[in-house]
Amino acid sequence: MSTISKGKKLIDKSQKIFVAGHNGMVGKAVVKELIQKGYRNILTASRYELDLENNNEVKDWFRKNKPEVVILAAAKVGGIKANADFPYNFLIENLKIQINVIESSYINHVKRFLFLGSSCIYPKLCKQPIKEDYLLADSLESSNQWYAIAKISGIKLCQSLRIQHKFDAISLMPTNLYGPGDNYHSTNSHVLPSLIRKFEEAKIKGDESVTCWGSGNPYREFLHVNDLAKACIFSLEKWDPNNQSAPKDKNGQPLTILNVGTGTDIKIKELAEIIANKFNYKGKIIWDTTKSDGTPKKLLDITKLKELGWAPAISLDHGIEITIKEYLKEKIEKTLRF
């Protein structure tokens, strides 16, 4: 373990911490983790209070509230179909959010800034496991290139401010996320919540088969959102890229982006079988190969972050169980509300 994790914390509980996107899956988990760790001066703003795509609103909000630490968890996200159907939205909305929040953070002297990217920033056919050095080494997966390009732009904006203006911005690249607050839309969700919804509905209806998109052969890595939240706070507290012991790239230069994952992946077919078993679904699973598979494999190398002292704590099997319980609980609560 690096000695970096034993030093003085780089943020403290008296600072004002703004979590942008606090109502999203990641933002909720981050706020919960901050509170559990004793941080109480947490700033949030709903989209009705603050439109992150509006430059003037964001500038005014920062001038009035003066956050000292910022975590940018806000983003427009979606699955393969959503990315294919709305490329302009995924590119322009994410670019606006990132530029507005990052620039206002710099202008208003934010002391530490955390940007959350995505594993989709890496080339489609990467050597496995994927190291941080592989960014921009080859072509992107076409199905989500618009979102990926926006996220890469955010990373580079943070890096450029650090290089030119010594702005203390760091970036984390999480793998596929799941957990409480996820999107279970029938066509616009990611693979794991989509499978949960499909098999739960098939079990209720007594369907003899469930059709899943793609061949089921690609491999994916899944991280519970609570583990990501812990990684976010850990990195803000412990990771100083300027420290001599901090992770370096292949050229020996300080890294300002680190991967966050579990270090293991699973075939989509196996994932579907696990979720089917959780619902005790005994029907047939059909794979619609007319739908895109996306990247065949994207397992992140999480060595750098683990060397700092962080490691995931929630196994995939346990994570799926608690996610299903949360999903069913939310369905019941929605039914009671109406």
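Residues numbered from 1 in each chain as written. Predicted model: local features only at pLDDT ≥ 70, side-chain atom pairs only at ≥ 80, totals over all residues. Heavy atoms only, no water.

Visitor: So what exactly am I meant to see when it comes to the packing of helix α1 (residues 25-36) against helix α7 (residues 225-238) here?
Guide: Geometrically, a packed helix pair is captured by the angle between its two axes and the distance between the axes. Where α1 meets α7, the closest approach of the two axes is 8 Å, and the angle between their N-to-C directions is 60 degrees. By the criterion of interaxial angle, the relationship of α1 to α7 is oblique. Pair α1 / α7 crosses with right-handed handedness. Packed against α1, whose contacting residues are Met-25, Val-26, Ala-29, Val-30, Glu-33 and Leu-34, the element α7 presents Val-225, Asn-226, Leu-228, Ala-229, Lys-230, Cys-232 and Ile-233 at the interface. (Axes fitted to C-alpha atoms, helices over the stretch in contact; angles between N-to-C directions. Helix = DSSP H or I, 4+ residues; strand = E, 2+ residues; numbered from the N terminus. Parallel < 35°, antiparallel > 145°, perpendicular 65-115°, else oblique. Left-handed = near helix turned anticlockwise from the far one by under 90°. Contact = heavy atoms within 4.5 Å.)

Visitor: Please explain the pattern of salt bridges as it appears in this structure.
Guide: Should the charged atoms of two oppositely charged side chains come close, the side chains can pair. Overall, the coordinates contain 15 salt bridges when judged by the stated rule. In this structure, Lys-124 and Glu-141 form a salt bridge, with 3.4 Å as the shortest nitrogen-oxygen distance. With Lys-124 in the loop between β4 (112-116) and α5 (145-165) and Glu-141 in the loop between β4 and α5, this pair connects stretches of sequence that are 17 residues apart. With its nearest N and O atoms 2.6 Å apart, the salt bridge here joins Lys-297 to Asp-265. (Salt bridge = Lys/Arg side-chain N within 4 Å of Asp/Glu carboxyl O.)

Visitor: Got a minute to help me understand the nonpolar core in this structure?
Guide: One broad rule of soluble globular proteins: the nonpolar side chains tend to lie buried together. Membership of the largest hydrophobic core comes to 35 residues, with the highest contact counts inside it found for Val-30, Leu-34 and Ile-71. Counting only elements with at least two residues in this core, the list comes to β1 (17-20), α1, β3 (69-72), β4, β5 (169-174), α7, β10 (257-260) and α9 (303-308). Counting residues per element, this core draws most heavily on α7, which supplies eight residues. Those residues in contact with Val-30 that sit more than four places away from it in its chain are Val-19, Ile-71, Ala-229, Cys-232 and Ile-233. One finds Leu-43, Ile-97, Leu-135 and Ile-257 within the second-largest nonpolar core, a separate group that totals 34 residues. (Core = buried A, V, L, I, M, F, W, Y, C linked by side-chain atoms within 4.5 Å. Buried < 20%, exposed > 50% of the residue type's maximum accessible area, 1.4 Å probe, protein only.)

Visitor: Any chance you could explain the sheet that holds β4 here in plain terms?
Guide: Working definition: the strands of a sheet are paired by backbone hydrogen bonds and lie parallel or antiparallel to each other. Judged by pairing direction, the sheet is parallel, and its six strands sit side by side in the order β2-β1-β3-β4-β5-β10 without closing on themselves. At either end of the open sheet lies a strand with only one pairing partner, and these are β2 (42-43) and β10. Where helix α4 (residues 87-107) meets the sheet, its contacts fall on β3 and β4, and the angle it forms with β3 comes to roughly 170 degrees. (Pairing = 2+ DSSP bridges.)

Visitor: Got a minute to help me understand the pairing of strand β7 (residues 209-213) in this structure?
Guide: Successive residues of a regular strand alternate their side chains across the two faces of the sheet. By the alternation rule, side chains of β7 split into Val-210 and Cys-212, which are all buried, and Ser-209, Thr-211 and Trp-213, of which none is buried. One ladder, built from five bridges, connects β7 with strand β12 (residues 284-288); its direction is parallel. Along β12, the bridge assignment pairs Thr-211 with Ile-286.

Visitor: Just to check I follow, could you spell out α7 for this structure?
Guide: For an α-helix the count is 3.6 residues per turn, leaving residues at separations of three or four pointing the same way. Helix length check: α7, at 14 residues, gives a terminal C-alpha distance of 20 Å against a target of 20 Å (1.5 Å per residue), a fit within 8%. Burial runs high along α7: twelve of the 14 residues are buried. Taken as a whole, α7 has its buried residues at Val-225, Asp-227, Leu-228, Ala-229, Ala-231, Cys-232, Ile-233, Phe-234, Ser-235, Leu-236, Glu-237 and Lys-238. (Expected span 1.5 Å × (residues − 1).)

Visitor: Mind showing me how you'd approach the side chain of His-22 here?
Guide: Within the secondary structure layout, His-22 lies in the loop between β1 and α1. Engagement of the side chain of His-22 in a polar contact is seen with the side chain of Asn-23, the distance being 3.5 Å. Ignoring sequence-local partners within four residues, the contact set of His-22 consists of Gly-27, Lys-28, Val-31, Thr-44, Ala-45 and Ser-46. (Polar contact = N/O pair within 3.5 Å; in protein donor to acceptor, adjacent residues only side chain to side chain.)

Visitor: Is there a simple way to explain the packing of helix α6 (residues 191-205) against helix α8 (residues 268-278) in this structure?
Guide: As a packed pair, α6 and α8 sit with axes 9 Å apart at the nearest point and diverge in direction by 40 degrees. Looking at the two axes, α6 sits oblique to α8. Here α6 runs over α8; the crossing is right-handed. Within the contact between the two elements, α6 uses Val-191, Leu-192, Leu-195, Ile-196 and Phe-199 and α8 uses Ile-268, Leu-271, Ala-272, Ile-275 and Ala-276. For the contact of α6 with α8, the residue count by class is ten nonpolar, no polar and no charged. (Nonpolar A, V, L, I, M, F, W, Y, C, P; charged D, E, K, R; others polar.)

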